[in-house]
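Residue-level structural notes
Listed below, chain by chain, are the residues.
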Amino acid sequence: MLQTSTRLLALLGQLQARDIVSGVELGARLGVGERTIRKDVERLRELGYPIDSVRGPAGGYRFGDHGRLPPLLLEPDEAVAVAVGLGAVAAVRGVEESSVLALAKLEQVLPDRLRRQVRALHESTDVGPANTATNVEAPEVDVALLAELAAAVRDHEGLRFLHRPGAGDAEERVEADPYRLVSWQERWYVVARRRPTGTWQAFRVDWLTLRVPGAGRFVPAPLEGGDYAAFVLRDVAFSGWKVHCRIAVDAPADEVLGRINPTVGVVETVDEGHSVLVTGGDSVEVVAVWIGMLGLDFHVTEPPELVEHVRLLGRRYSRAVR
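The structure reproduced in this document is the subject of the present report.

What counts and what doesn't
Residues numbered from 1 in each chain as written. Predicted model: local features only at pLDDT ≥ 70, side-chain atom pairs only at ≥ 80, totals over all residues. Heavy atoms only, no water. Pairing = 2+ DSSP bridges. Helix = DSSP H or I, 4+ residues; strand = E, 2+ residues; numbered from the N terminus. Contact = heavy atoms within 4.5 Å. Axes fitted to C-alpha atoms, helices over the stretch in contact; angles between N-to-C directions. Core = buried A, V, L, I, M, F, W, Y, C linked by side-chain atoms within 4.5 Å. Buried < 20%, exposed > 50% of the residue type's maximum accessible area, 1.4 Å probe, protein only. Salt bridge = Lys/Arg side-chain N within 4 Å of Asp/Glu carboxyl O. Phe/Tyr/Trp six-rings, centres within 6.5 Å; stacked < 30°, edge-to-face > 60°.

Side note on the sheet that holds strand 10 (residues 243-249)
Taken together, four strands build an open sheet; the order of strands is 11-12-10-13 and the sheet is antiparallel. Looking along the sheet, the strands with just one partner apiece sit at the ends: strand 11 (265-271) and strand 13 (298-299). For strand 10 and strand 13, the ladder comprises two bridges, and the chain directions are antiparallel. In the sheet register, Ala248 faces strand 13, and the bridge partner there is His299. Those strands touched by helix 10 (residues 284-292) are strand 10, strand 12 (274-281) and strand 13, and its axis lies near 145° from that of strand 12.

A closer look at the nonpolar core
Across soluble globular proteins, nonpolar side chains show a tendency to be buried alongside one another. Of all hydrophobic cores here, the largest spans 30 residues; its most connected members are Val118, Leu121, Phe161, Leu181, Phe203 and Val205. Mapped by element, the contributors of at least two residues to this core are helix 4 (76-89), helix 5 (96-108), helix 6 (112-123), helix 7 (143-155), strand 4 (157-163), strand 5 (172-184) and strand 6 (187-194). By residue number, the principal contributor to this core is helix 7, which donates seven residues. When sequence neighbours within four positions are dropped, the list of residues in contact with Val205 reads Leu145, Leu146, Leu149, Leu181, Trp188, Tyr189 and Val190. Membership of the second largest hydrophobic core comes to 20 residues, among which are Cys245, Ala288, Ile291 and Val300.

Side note on the pattern of salt bridges
Summed over the entire model, instances satisfying the criterion amount to 15 salt bridges. A salt bridge links Arg29 to Glu25, with the shortest nitrogen-to-oxygen separation between them at 3.2 Å. Note that Arg29 and Glu25 are positioned in helix 2 (residues 23-30) at a spacing of four residues, about one turn of the helix. Here Arg29 falls in the partly exposed class, since its relative accessible area comes to 33%. Notably, a salt bridge pairs Arg194 with Glu172, separated by 3.0 Å at the nearest N-O pair. You can see Arg194 sitting in strand 6 and its partner Glu172 sitting in strand 5, a full 22 residues away along the chain.

Quick notes on the pairing of strand 11
Sheet topology note: the strand 11/strand 12 ladder contains six bridges and is antiparallel. By the bridge assignment, Glu268 is partnered in strand 12 with Val276. Count of turn residues in the strand 11/strand 12 antiparallel hairpin: two residues.

Overview of the packing of aromatic side chains
What the rule picks out here adds up to five aromatic pairs. Judged by centre distance (6.4 Å) and plane angle (65°), the rings of Trp200 and Phe231 are edge-to-face. Separated by 31 residues along the polypeptide, Trp200 in strand 7 (residues 200-204) and Phe231 in helix 8 (residues 228-240) bring together distant segments of the chain. Accessibility classification places Trp200 together with Phe231 in one group, the buried group. Among the aromatic residues, those joined into a cluster by ring pairs are Tyr179, Trp200, Phe218, Tyr228 and Phe231.

Digging into unusual backbone geometry
Here the bond from Arg195 into Pro196 is cis, since omega is 0°, no more than 30 degrees from zero. Mapped onto the secondary structure, Pro196 falls in the loop between strand 6 and strand 7. Cis rather than trans, the peptide bond between Val212 and Pro213 has omega equal to -5°. One non-glycine residue, His156, lies in the positive phi region at around 55°.

Here it is in structure tokens:
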């Protein structure tokens, strides 16, 4: 059980991180009974902390607005950077709740404009599952651009932007309705419906340049099922990598699915004993690592760069065991 002074500080933290919290929940979190919570609340009130009691089925305790801490002096990009970091940590097992509480406390001490910006980014972002590493350097994150995209998601504001997947690719003008930001493998995507077709697509944030003014407000029609992170994984498997390939595998689809990280790609059934893995990566070296980890016989026919790299690896491995 926590000592009284430590418990009072912990109680303050719980109250500042939530709008209303019941005595039962506070007791469970701090490892004490409701009677102790009532006494601790009275001690805090005596010390000058404005803690309100809220009656009713959804009642409990609430930290009064006039008792909030003074605003935290952060620049807009600093506040967004902190929110991005806390969101990334939330994907790590064991610290999910702590990161959510930390973000809630951060919001309490931010000026209203920054609080709205940070909350929009937090509420508009999903985090994809972790994957194997890559030998390609991750792009820089433009926190100001993330903040603009998060605000557009929150406010249902359409986007106009230029999209260029690579240095040698043609630049495309796009109008789209944004629904979600997804952070995955140190890259950011905005999931949106293209105008006027309504086609869903995941756009790499570092590949787009916003144009002003935007495309105007839209009436939301969310993705069926609401799993935007999973959509990004599927979309990237087909169109979002620098290297794309279809690997023929001498095994049924279920067996292949049981051996891969779901972020690697999509598996299609050919027949009872064969399937195709649609995958890709930022380099042929990364793709070769993934398919080599299958532990199954496979056949590579394209792209030529991957075929040559697998052939090179075959010779290298063969020499290694002579």
